[in-house]
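Structural overview for review
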Amino acid sequence: MSLKEKTITGLFWTISQQFSVQFINFVVQIILARILLPAEFGLIGMLTIFISIGNSLVDSGLTSSLIRTPDASQRDYSTVFFINLAGSFVIYAILFASAPLIARFYQQDSLSAIIRVYTISFLLRAFIGVQTTRLTKEMNFRAQMFMQIPSVIGGGVTGILLAYWGYGVWSLVWMNLVQAFLFTVQHWIFTGWRPSLIFDWSCFKHHFRFGYKLTLSGLLNAVYTNIYNLIIGKYFSATQLGYYTRAQTMQMFPVQNLSAALNKVTYPMFATIRDDDKRLKSVYRRLMQQVIFWTTPVMIVLAIIAEPLFRVLLTEKWLPAVPYFRILCACGILFPLQYYNLNILNVKGRSDLFFKLEVVKKAFTTVGIFCVIPFGIYGLLYFQVLSSVFSFVVNSWYSGRLIDFSLQDQLRELLPIFLLTILPAVLSWALDRYLLEPLHAGDIARILTVGAAYFSLYLSMSYLTRMTVIIDLRQLVFKR
């Protein structure tokens, strides 16, 4: 199978996996949001920064090193397996001991018990890090999908039942644990890989030299990604954090799934052509155009229909999250690009540059956040948009230099797509504001009408102007 065929097949299955799994999870979250209170989601939101840090430390970046190693052996895999396993126990012990301090920081006594139970998932996921890496390296996303779907369903059913029976925030905790347990068991049953009782110090040093920089970058990213939860949870209320996390979940559903799917496929794909800069640039450019072409209109439409969408899915009690959601949609446009932009640095072996860029971006964000805290939660949200733009510029500048695709060239490729979204956005917003809303159209009618109007006009204009993205898509679909 050629690289193109392997990539298309991998992309199909990873997108199928990502969207099917996340769609199920999204439905589960919607049901739970209709049962539970915003403050209960806020309590889990307070823990996300510690959970993300733990996940980054457990992986240690060694699995990424395995993917880019063309001749990884059983000795490599077994060594990384035992390092990840040992690391998970250490991290769990640290969080177990620190749980009362975290609860005191947020002034929420119940968090101590919650974090001690919730983070058991670290131990479970450490048992399958290498199995998942092997499947990703082989671009076998089909197997991952068929293992993840039952896990999400099992965890979701558990969470919904516990929420219905009145267990509150603990329904979210046990949902996570059941999902992690089922996923782990299936990997050991179906993947066929078992570790050997081997630990090779030279293998460890080889993977650690590459992986530790990604680990440090992952730690910075974990803090950066969740620092808004930390600040809102500390300086505002659990209810406001609940509104923010729900708005972020809704906004991230389409873009995070696309980003994760692209990251899984593009990293091993880029790794196979890492020495052919001309080819790497061509693939990178075409993927970048496709990502922006589809994510931008989705984010715009979601921002326009936010109020009826929240009312239909989450009920009236979540409407205070609508303004948060609309602002965050601006961040969603550039988010996928940041994912596979950084893959260029990794496949080129520049984990040192990767880490330096993460330090710069996170320092900018951290200083900026503390400057805007006096402006309240909206100051934080608007700064999040600014930070997203800054991250895109930094990532694109340095990754582009490695493949002779400068930031200016990238912006020239993207500008026609951004311009194309303006007219459909204005007309769709006017349709909703000055026709559908005054006529008291139902929420579902408003959602469907605005969505259909926007995409009909957007795709028609794209076809008539013969956008390169449309031509590439037709070739991909009809000519393989």
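Within any chain, residue numbers begin from 1 and follow the written order of that chain's sequence. Predicted model: local features are reported for residues with pLDDT of at least 70 only, side-chain atom pairs are reported and counted for 80 or more only, and whole-chain, interface and lining totals are derived from all residues. The basis for every side-chain value is the complete set of non-hydrogen atoms in the structure, without hydrogens or water.

1. Considering the overall build of the chain
Put simply, the rule is: To qualify as a helix, a DSSP run of H or I must reach at least 4 residues; to qualify as a strand, a run of E must reach at least 2; elements of each kind are numbered from the N terminus. The buried label goes to any residue with under 20% of its type's maximum accessible area, the exposed label to any with over 50%, and the partly exposed label to all in between, with areas taken from a 1.4 Å probe on protein chains only. Contacts: residue pairs with any heavy atoms within 4.5 Å of one another. The method behind every accessible area is Shrake-Rupley, applied with a 1.4 Å probe, and residues are considered shielded solely by the protein chains displayed.
Of the regular secondary structure elements, the chain holds 19 helices and zero strands. Of all 480 residues assigned to the chain, the portion counted as buried reaches 52%. Within the chain, residue pairs in contact and separated by at least 24 positions form 83% of the contacts whose partners lie at least 6 positions apart. Accessible area for the chain stands at about 21,000 Å²; split by element, carbon and sulfur atoms hold 66% of it.

2. Quick word on the side chain of Asn395
How we decide: Any pair of N or O atoms that falls within 3.5 Å is considered a polar contact. Within protein, one atom must be able to donate a hydrogen and the other to accept it, and sequence-neighbouring residues count only if both atoms are side-chain atoms.
Here Asn395 shows up in helix H16 (residues 376–402). By relative accessible area, Asn395 is classed as buried at 0%. A distance of 2.6 Å separates a polar atom in the side chain of Asn395 from a polar atom in the side chain of Lys361. Once you skip the residues sitting within four places of it in the chain, Asn395 turns out to touch Gln338, Asn341, Leu342 and Lys361.

3. A word on the side chain of Gln186
Within the fold, Gln186 resides in helix H9 (residues 170–190). Classification of Gln186 as buried rests on a relative accessible area of 12%. With near-sequence residues (within four places) excluded, Gln186 lies in contact with Phe146, Met147, Pro150, Ser151 and Thr191.

4. Comments concerning the confidence of the model for the chain
What counts is decided by this rule: Confidence of the predictor at the level of single residues is captured by pLDDT, which takes values from 0 to 100.
Overall, the prediction assigns the chain a mean pLDDT of 83, with 88% of residues at 70 or greater. Least confident of the elements in the chain is helix H19 (residues 468–478), whose mean pLDDT is 64; most confident is helix H13 (residues 306–314), at 94.

5. Considerations on the packing of helix H4 (residues 74–106) against helix H7 (residues 129–137)
Packed helices, taken two at a time, are described by their axes: the angle between them and the distance between them. Just so we agree on the cut-off: Axis definition: a line fitted to C-alpha atoms, limited for helices to the stretch in contact. Angles are taken between N-to-C directions and run from 0 to 180 degrees. Oblique is the label for every angle not falling under 35 degrees (roughly parallel), over 145 degrees (roughly antiparallel), or within 65 to 115 degrees (roughly perpendicular). Residue type decides the class: Asp, Glu, Lys and Arg count as charged, Ala, Val, Leu, Ile, Met, Phe, Trp, Tyr, Cys and Pro as nonpolar, and the leftover types, Gly among them, as polar.
Running from amino to carboxyl end, H4 crosses H7 at an angle of 140 degrees, the nearest separation of the two axes being 10 Å. Our classification of the angle between H4 and H7 gives oblique. When H4 is examined against H7, the residues Tyr77, Val80 and Phe81 are found in contact with a partner set consisting of Val130, Arg134 and Lys137. Taken together, the residues of the contact of H4 with H7 sort by class into four nonpolar, no polar and two charged.

6. Some points on helix H18 (residues 443–464)
Filter applied, for reference: The span you would expect from a helix comes to 1.5 Å times its residue count less one. The arc in question is the one traced by the directions running from the helix axis out to the C-beta atoms.
Between its terminal C-alpha atoms H18 stretches 32 Å, which fits the 32 Å expected from 22 residues at 1.5 Å a residue. Turning to H18, its buried residues number three or more, namely Asp443, Arg446, Ile447, Val450, Gly451, Tyr454, Tyr458 and Ser462. Viewed end-on, H18 has its buried residues packed into an arc of 115 degrees, placing them on one side of the element. Of the exposed residues in H18, the ones pointing more than 90 degrees away from its buried face are Ile444, Leu448, Tyr463 and Leu464. In the stretch just after H18, Arg466 is the one whose phi turns positive, near 50 degrees.

7. A short note on the packing of aromatic side chains
Convention followed: When the centres of two rings from Phe, Tyr and Trp lie within 6.5 Å, Trp using its six-membered ring, the rings pair. Their planes under 30 degrees apart give stacked, over 60 give edge-to-face, and anything left gives tilted. Charges are assigned to positions over rings by a cutoff of 6 Å between ring centre and Lys NZ or Arg CZ, combined with an angular limit of 35 degrees from the ring normal.
One pass over the full model with this rule turns up 20 aromatic pairs. On the numbers, 5.8 Å between centres and 75 degrees between planes, the contact of Phe41 with Trp318 is edge-to-face. Here Phe41, found in helix H2 (residues 38–59), pairs with Trp318, found in the loop between H13 and helix H14 (322–347); they are 277 residues apart in sequence, far enough to count as distant. Given the relative accessible area of 0%, Trp318 is considered buried. Seen from the ring of Phe96, Arg116 lies directly overhead, with NZ or CZ sitting 4.2 Å from the centre. Seen from the ring of Trp318, Arg246 lies directly overhead, with NZ or CZ sitting 5.8 Å from the centre.

8. Let's talk about the pattern of salt bridges
The condition that has to hold: Think of a salt bridge as a Lys or Arg side-chain nitrogen and an Asp or Glu carboxyl oxygen that are within 4 Å of each other.
Going through the model one piece at a time under the given rule, you end up with seven salt bridges. Asp443 serves as the salt-bridge partner of Arg311, at 2.8 Å between the closest nitrogen and oxygen. Placement of the pair is Arg311 in helix H13 and Asp443 in helix H18, with a sequence separation of 132 residues. Where Arg412 meets Asp409, a salt bridge forms, and the shortest distance between an N and an O atom there is 2.2 Å. Residue Arg412 and its partner Asp409 are both found in helix H17 (residues 407–436); the two are separated by three residues, about one turn of the helix. Asp409 sits in the partly exposed class, given a relative accessible area of 25%. Salt bridges sharing common partners tie together Glu307, Arg311 and Asp443.

9. Some points on unusual backbone geometry
Unlike most non-glycine residues, Thr315 shows phi in positive territory, near 80 degrees. Relative to the elements of secondary structure, Thr315 occurs in the loop between H13 and H14. Of note, the phi angle at His440 is positive, near 55 degrees, even though the residue is not glycine. Relative to the assigned elements, His440 resides in the loop between H17 and H18.

10. Re a nonpolar patch on the surface
The test is simple: Patches here: salt-bridge-free residues with over 30% relative accessible area, like charges joined within 9 Å, nonpolar side chains (Val, Leu, Ile, Met, Phe, Trp, Tyr) joined within 5 Å.
Taken together, Phe23, Val27, Ile31, Ile35, Ile153, Val157, Leu161, Tyr164, Trp165 and Tyr167 make up a surface patch of nonpolar side chains, about 1,000 Å² in accessible area. Broken down by secondary-structure element, the contributors of at least two residues to the nonpolar patch are helix H1 (3–35) and helix H8 (141–164). Residue placement: Val157 occurs in helix H8.

11. Describing the packing of helix H10 (residues 201–235) against H16
Closest axis-to-axis distance for the H10/H16 pair is 12 Å, and the angle between their directions is 175 degrees. Accordingly, the angle class assigned to the pair H10 and H16 is roughly antiparallel. Across the interface between the two elements, Tyr224, Tyr228, Ile231 and Ile232 from H10 touch Ile377, Leu380, Phe383, Gln384, Ser387 and Ser391 from H16. Grouping the amino acids of the contact of H10 with H16 by side-chain chemistry returns seven nonpolar, three polar and no charged.

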